[in-house]
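One-letter residues, chain by chain:
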Amino acid sequence: TVPYFYGTVGILYNTKYADTDELRSWNALWNGRFANNMIMINSVRDMFTPALISCGYSINETDETHLNEALDILKKQSPDVTAYYVDETCDEMAAENAAIALCYSGEAAAAMDLNTNINYIVPDEGSNLWIDSWFIPASCQNKEGAYAFLNYLCSADVAQANFDYVYYASPIIPVIEAMDEITERTKNNTKGIFNVCLGYSGQQEVCDMTKKLCEMY
């Protein structure tokens with residue numbers, strides 16, 4: 001496989017309605033403080049991430065009893081949720097239609113670039129450090145074309161243009177080096193948009209990666 005983007009799952013929030021300190025724990029999603037003012041991610045694995053962590057379990061938990069504990073938390077939370085989104089979260093948070101949102105770091109960086117009141121945090125308990133990748137299936141009928149396409153995506157100028165458009169962290173070294181230079185020039189920027197773009201959360205040491213379901217059973 002060839003890595004395409006990477007990042008974290010965390011809490012995007014509007015600083016007018018939420019304080020950083022109260023979001024340092026995933027408990028902020030369950031304590032009712034943001035009832036009818038929060039967006040949850042429309043992804044089963046990533047939605048279960050904070051629920052499992054809050055229950056004290058791995059994000060790769062397989063015990064059915066433990067999974068049901070996490071499901072119970074999510075069911076109880078449901079009446080407090082404004083909407084379940086993925087790609088819409090950026091625009092909704094930039095428009096200040098919710099106080100907080102569970103989302104990917106790329107969506108967070110894009111929203112932060114649209115509204116200076118928006119910020120992003122990975123709670124202290126950790127989260128999911130994910131990688132999106134391309135792969136060529138064994139049944140591929142045009143492997144030469146597939147390799148050419150992947151080489152095109154991985155070329156420095158195309159990868160940079162891709163990153164500039166979607167805000168998700170790129171594993172392509174020239175893109176990382178270019179962003180490192182920008183980050184150094186803007187290191188006093190407390191918003192940290194570029195750090196979020198690069199998937200930096202300050203909590204990588206306590207983040208885990210989800211395993212494929214076939215590896216878990």
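Values in this document were obtained by computation on a predicted structure and should not be read as measured data. (Residues numbered from 1 in each chain as written. Predicted model: local features only at pLDDT ≥ 70, side-chain atom pairs only at ≥ 80, totals over all residues. Heavy atoms only, no water.)

Peer 1: Looking at this model, I keep getting lost on the environment of Val-86. Mind explaining?
Peer 2: The topology assignment puts Val-86 in the loop between strand S3 (81-85) and helix H3 (89-94). Residue classification places Val-86 among the partly exposed positions, given a relative accessible area of 24%. Along the primary structure Val-86 and Leu-102 are separated by 16 residues, whereas in three dimensions their C-alpha atoms are 9.1 Å apart. In contact with Val-86, other than residues within four places in its own chain, are Ile-41, Asn-42, Tyr-104 and Glu-107. (Helix = DSSP H or I, 4+ residues; strand = E, 2+ residues; numbered from the N terminus. Buried < 20%, exposed > 50% of the residue type's maximum accessible area, 1.4 Å probe, protein only. Contact = heavy atoms within 4.5 Å.)

Peer 1: Can you walk me through the state of the cysteines in this structure?
Peer 2: The bond known as a disulfide is covalent and runs between the sulfur atoms of two cysteines. Evaluation of the coordinates by the stated rule reveals 0 disulfides. Cysteine Cys-90 shares no disulfide, and the gap to the nearest cysteine sulfur, in Cys-103, comes to 8.7 Å. (Disulfide = S-S within 2.5 Å.)

Peer 1: Which parts of the structure should I look at to understand the side chain of Glu-61?
Peer 2: Following the sequence through the fold, Glu-61 ends up in the loop between helix H1 (44-54) and helix H2 (64-77). For Glu-61, a relative accessible area of 16% corresponds to the buried category. Polar side-chain contacts of Glu-61 include one of 3.4 Å to the side chain of His-66. (Polar contact = N/O pair within 3.5 Å; in protein donor to acceptor, adjacent residues only side chain to side chain.)

Peer 1: Explain the pattern of salt bridges here, please?
Peer 2: Two side chains with opposite charge may pair up if their charged atoms get near one another. Under the counting rule described, the total for this entry stands at 4 salt bridges. One salt bridge connects Glu-96 with Lys-16, and the closest N-O pair in it is separated by 2.8 Å. Of this pair, Glu-96 sits in the loop between H3 and strand S4 (100-104) while Lys-16 sits in the loop between strand S1 (2-14) and strand S2 (38-41), and the two are 80 residues apart along the sequence. Taking the relative accessible area as the measure of exposure, Lys-16 reaches 48% and is therefore partly exposed. Across the salt bridge formed by Arg-24 and Asp-21, the nearest N and O atoms sit 3.0 Å from each other. By relative accessible area, which is 53% here, Asp-21 ends up exposed. (Salt bridge = Lys/Arg side-chain N within 4 Å of Asp/Glu carboxyl O.)

Peer 1: Just checking my understanding: could you explain the nonpolar core for this structure?
Peer 2: Soluble globular proteins tend to bury their nonpolar side chains together. Ranked by internal contacts, the top residues of the largest apolar core, which has 32 residues, are Leu-23, Phe-34 and Ile-100. A per-element tally of this core places H1 first, with 5 residues. Phe-34 has contacts with Tyr-17, Ala-18, Glu-22, Leu-23, Ala-28, Asp-80, Ala-99 and Ile-100, leaving out every residue within four places of it along the chain. Ala-101, Cys-103, Val-122 and Tyr-167 belong to the second-largest nonpolar core, a separate cluster that totals 16 residues. (Core = buried A, V, L, I, M, F, W, Y, C linked by side-chain atoms within 4.5 Å.)

The values are spatial; any link to function lies outside them.
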